[in-house]
Amino acid sequence: GDSVTQMEGPVTLSEEAFLTINCTYTATGYPSLFWYVQYPGEGLQLLLKATKADDKGSNKGFEATYRKETTSFHLEKGSVQVSDSAVYFCALSAAGRGGGNKLTFGTGTQLKVEL
Amino acid sequence: DAGVIQSPRHEVTEMGQEVTLRCKPISGHNSLFWYRQTMMRGLELLIYFNNNVPIDDSGMPEDRFSAKMPNASFSTLKIQPSEPRDSAVYFCASSSWASGANVLTFGAGSRLTVL
């Protein structure tokens, strides 16, 4: 079945450091890929997405490129801030029966950014 | 729009009691999802509905769990009888096929503690 594998956390960085969170996936067909972010005490929010190979999703300084050849969708940011501290989830979509789609999530990677 | 609204935000109950979690999706959204989040298992899809019809309930852990969606604006997740291992944060999410079925909007979650 479909699955998503993320690097384990927590990842601790100093402010303004470069961030990479690795994500690889296994899926049949051509899924769409996503990064969601969860701040403490809140639900998940969509951060960015890519719907086909070589697409780059970007938002709030974060980027991820859909690499079909390596089945990867690594999240990057050039300069993190304390406010980026959160849990980041990689996810893929799969076509569901009867229309619509469901998301399969990775286990999440906690990011802590310190001054 | 107020977003996806879940209630209660926190629930503490004793083993054997019935628990009902409620969700109001975003108006106009076609799909509704129930996820469970724990430290050990991460985010698990329990069940999802398209146009109020249950499509995939393979993630429902056992017969003690049931979910209904009587109309487009309301869904419930019921646990009867509850057990300590059901303690988790339960998230409801909804999506619209028209605006990109893969983009889920999550509620803030219901934190359940079963003593």
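What comes next concerns the included structure. Given the structure is predicted, the values throughout are model-derived calculations rather than measurements.

**Some details on the interface of chain B and chain A**
On the chain A side, the residues contacting the 20 residues of chain B number 21 residues. Summing both partners gives a buried area of about 1,700 Å² for chain B against chain A, and 53% of it is carried by carbon and sulfur. The three residues of chain B that bury the most area against chain A are Leu43, Asn102 and Phe106 of chain B, which together make up 31% of that side's buried surface. Counting the contacts that link chain B with chain A gives 0 salt bridges. For the pair chain B and chain A, the interface holds 4 residue pairs in polar contact (both at pLDDT 80 or more). Contributions of two or more residues to the side of chain B that touches chain A are made by β4 (31-38), β5 (42-50) and β6 (53-56) of chain B. A breakdown of the residues in the side of chain B that touches chain A according to their chemical character gives 13 nonpolar, 5 polar and 2 charged.

**Here we look at the sheet that holds strand β8 (residues 74-79) of chain B**
Residues and elements named next belong to chain B. Across the sheet, which stays open at both edges, the 4 strands sit in the order β1-β3-β8-β7 with antiparallel pairing between neighbours. Looking at strand neighbours, the two that pair on one side only are β1 (5-7) and β7 (65-71), the edges of this open sheet. The sheet shows a mean angle of 15° between the axes of neighbouring strands, taken without regard to direction. Of the pairings in the sheet, the one linking β1 to strand β3 (residues 19-24) comprises 3 bridges and is antiparallel in character. Paired with Ile5 across the bridge in β3 is Lys24.

**Overview of the environment of Ser32 of chain A**
With respect to the element layout, Ser32 of chain A can be found in the loop between β4 (23-26) and β5 (33-38). As a C-alpha pair, Ser32 of chain A and Gly1 of chain A span 31 residues in sequence and 15 Å in three-dimensional space. Apart from residues lying up to four places away in sequence, Ser32 of chain A is in contact with Ala50, Thr51, Ala91, Leu92 and Ser93 of chain A together with Asn102 of chain B.

**Describing the pattern of salt bridges**
Pairs may arise between side chains of opposite charge once their charged atoms sit close together. Residue and element names in this part refer to chain B. For the coordinates displayed, the defined rule picks out 11 salt bridges over all chains. One salt bridge connects Glu44 with Arg36, and the closest N-O pair in it is separated by 3.2 Å. For the pair Glu44 and Arg36, one class covers both residues: buried. Measuring nitrogen to oxygen at the nearest pair gives 2.7 Å for the salt bridge that ties Arg41 to Glu44.

**Section: the sheet that holds strand β3 (residues 19-21) of chain A**
Residues and elements named next belong to chain A. With antiparallel pairing, 4 strands are arranged side by side in an open sheet as β3-β9-β8-β7. One side of each edge strand has no neighbouring strand; the edge strands of this open sheet are β3 and β7 (56-59). In this sheet, adjacent strand axes meet at a mean angle of 15° when their direction is disregarded. Bridge count for strand β8 (residues 62-65) against strand β9 (residues 75-77) is 3 bridges, and the pairing is antiparallel. Directly across from Glu63, in β9, lies its bridge partner Glu76.

Conventions used here
Residues numbered from 1 in each chain as written. Chains lettered and ligands numbered in written order. Predicted model: local features only at pLDDT ≥ 70, side-chain atom pairs only at ≥ 80, totals over all residues. Heavy atoms only, no water. Contact = heavy atoms within 4.5 Å. Buried area = accessible area lost by both parts, 1.4 Å probe. Salt bridge = Lys/Arg side-chain N within 4 Å of Asp/Glu carboxyl O. Polar contact = N/O pair within 3.5 Å; in protein donor to acceptor, adjacent residues only side chain to side chain. Helix = DSSP H or I, 4+ residues; strand = E, 2+ residues; numbered from the N terminus. Nonpolar A, V, L, I, M, F, W, Y, C, P; charged D, E, K, R; others polar. Pairing = 2+ DSSP bridges. Axes fitted to C-alpha atoms, helices over the stretch in contact; angles between N-to-C directions. Buried < 20%, exposed > 50% of the residue type's maximum accessible area, 1.4 Å probe, protein only.

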